[in-house]
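# Coordinates in review
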Amino acid sequence: MGDPKQCEADWGNRFPVDPDPMSVASASILNFFAFRDHRLGMVSSALGYLQRAFQAAFDTGQILTATIIAVNISNAYAALNDHDAALEWAQQGLDLGKPTGWPGALGSCLRQTGEVMLALGRLEAAQAMLDEALRIYAPMQNSASFVLVLLPLGKIAIGRGDYARAIAIYRQAIAASREFGLLDGIVDCQIGLARALWKSGDIAEAENEGATALALARGDNNTAAEVETLQLLTSIYMSRGALPLALETLELAPTLASRIKGYHLPADLLQTLADLY
């Protein structure tokens, strides 16, 4: 769904917004509306559709579909910075996916669980999950699914201070994301690349890549990523002593975040804003 508004114009009127929950098509229809709203930055609305889609898929015996939807629910909660709920849904997907042995579903669950554990600071547990996902995806290295595993691996490299590895991972992931048309992946990779460059001390290049990330987030209507990028750019500006610019940049974040129903501003962002004041 590259253009959610055009997709809605083409397909929205063809689907009922309240399909029969026992219809085998119900989960797919609700998932369409969820993906549309998520791409429009309406994460809370997307969550409502996703939870209904999950129940419809589960009740009609579509275990593979239910597993993938559980991963999407986890991802939506993670976008709202509700990592406890994100972990709960990732685990639910994992519990459904493991008995099936389906590589695509199981790999997605492991990747998502690893990402959430990483956000919660559980580095070793995250690495174990991601290593298992890589093992499953090893025969599918030229796939979008394999590319998505690279993103949290870059974060782990940053967490361990291996900035050169993180930079290499993100550059590889950006190129692959472009190849597969993964718009969200490109934005996340650009943010990661800018962060890795900043941590490595390359402030000028970090600022350039951060500006690119911000433009991509805005072009993709990804408000949560825009807030994250503004926070990162603030840190970069502070590194070179541009405190007025840092304050001006970070002041944009709370207003943007207020557009996302249910979004939790990171505590460190609020602390940085207070310090700048």
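The structure under discussion appears in the preceding block.
Since the model is a prediction, treat every value here as computed from it, not as a measurement.

A few words on the overall build of the chain. A count of helices and strands for the chain gives 15 helices and zero strands. Over its C-alpha atoms the chain spans a radius of gyration of 19 Å, differing by no more than 12% from the 19 Å that the globule rule assigns to 277 residues. The buried share of the chain, reckoned over its 277 residues, is 47%. The long-range fraction of contacts in the chain, counting pairs at least 24 apart against all pairs at least 6 apart in sequence, stands at 56%. For the chain, the accessible area works out to roughly 12,800 Å², and carbon and sulfur atoms hold 54% of it. Positive and negative charge centroids in the chain, built from 20 and 30 side chains respectively, lie 2 Å apart.

Turning our eyes to something else, we now look at helix α9 (residues 163-180). Under the 1.5 Å per step criterion, the end-to-end length of α9 is 25 Å for 18 residues, consistent within 8% with the ideal 26 Å. Its buried side turned inward, α9 meets α8 (144-159) and α10 (183-200). Two residues or fewer past α9, G181 is found with a positive phi of approximately 70°.

This part takes up the environment of I158. Structurally, I158 is set in helix α8. Judged by its relative accessible area of 11%, I158 is buried. Through-space distance from the C-alpha of I158 to that of A70 is 28 Å; in sequence the pair is 88 residues apart. Discounting residues that sit within four places of it in the chain, I158 has contacts with Y163, A166, Y170, G192, R195, A196 and K199.

Before going further, it helps to spend a moment on the nonpolar core. Core analysis: the largest hydrophobic core is formed by 85 residues, its most contacted members being F54, I69, I73, Y77, L110, V227 and Y263. In this structure, Y77 is in contact with L47, Q51, D82, A85, A86 and W89, ignoring residues within four places of it in sequence.

This paragraph deals with the pattern of salt bridges. Tallied over the entire structure, the rule returns nine salt bridges. A salt bridge links R36 to D37; the shortest N-O distance between them is 2.8 Å. Residue R36 is classed as buried on the basis of its relative accessible area, which comes to 12%. On the basis of relative accessible area, D37 is assigned to the buried category, the value being 2%. Between R160 and E124 there is a salt bridge; the shortest N-O distance is 3.2 Å.

Now for a nonpolar patch on the surface. A contiguous nonpolar patch, built from L64, I68 and W102 and spanning about 250 Å² of accessible area, is present on the exposed surface. By the secondary structure assignment, L64 is in helix α4 (residues 63-79).

With that out of the way, let us pick up the packing of aromatic side chains. For the structure on display, the rule yields four aromatic pairs. Between F54 and F58, the ring centres sit 6.2 Å apart and the planes meet at 15°, which makes this aromatic pair stacked. Placement of the pair is F54 and F58 together in helix α3 (residues 43-59), with a separation of four residues, close to one helical turn. What makes F54 buried here is its relative accessible area of 5%. Ring-pair connections join several aromatic residues into one group, and the members of that group are F32, F33 and Y49.

With that settled, consider the environment of L230. Here L230 lies in helix α12 (residues 223-239). Taking relative accessible area as the criterion, L230 reaches 1% and is therefore assigned buried. In this structure, L230 is in contact with L214, R218, T249, L250, L252, A253 and L256, ignoring residues within four places of it in sequence.

Before going further, it helps to spend a moment on the packing of helix α6 (residues 103-119) against helix α7 (residues 123-137). Close contact between α6 and α7 brings their axes to 8 Å; oriented N to C, the two are set at 160°. Considered as vectors, α6 and α7 are oriented roughly antiparallel to each other. As for how α6 packs across α7, the hand of that crossing is left-handed. Side by side, α6 and α7 meet where P103, G104, L106, G107, S108, L110, R111, T113, G114, M117 and L118 of the first sit next to L123, A125, A126, M129, L130, E132, A133, I136 and Y137 of the second.

With respect to the helices and strands, the residue G41 is situated in the loop between α2 (26-39) and α3. In this structure, the C-alpha to C-alpha distance between G41 and K261, residues 220 residues apart in sequence, is 9.6 Å. What G41 contacts, discounting residues up to four positions off in sequence, is N221 and I260.

About the cut-offs
Residues numbered from 1 in each chain as written. Predicted model: local features only at pLDDT ≥ 70, side-chain atom pairs only at ≥ 80, totals over all residues. Heavy atoms only, no water. Helix = DSSP H or I, 4+ residues; strand = E, 2+ residues; numbered from the N terminus. Rg over C-alpha atoms; globule rule 2.2 N^0.38 Å. Buried < 20%, exposed > 50% of the residue type's maximum accessible area, 1.4 Å probe, protein only. Contact = heavy atoms within 4.5 Å. Areas by Shrake-Rupley, 256 points an atom, 1.4 Å probe, with all protein chains shown as cover. Lys, Arg positive; Asp, Glu negative; His and termini not counted. Charge placed at Lys NZ, Arg CZ, Asp CG, Glu CD. Expected span 1.5 Å × (residues − 1). Core = buried A, V, L, I, M, F, W, Y, C linked by side-chain atoms within 4.5 Å. Salt bridge = Lys/Arg side-chain N within 4 Å of Asp/Glu carboxyl O. Patch = residues over 30% accessible without salt bridge, like charges linked within 9 Å, V, L, I, M, F, W, Y side chains within 5 Å. Phe/Tyr/Trp six-rings, centres within 6.5 Å; stacked < 30°, edge-to-face > 60°. Axes fitted to C-alpha atoms, helices over the stretch in contact; angles between N-to-C directions. Parallel < 35°, antiparallel > 145°, perpendicular 65-115°, else oblique. Left-handed = near helix turned anticlockwise from the far one by under 90°.

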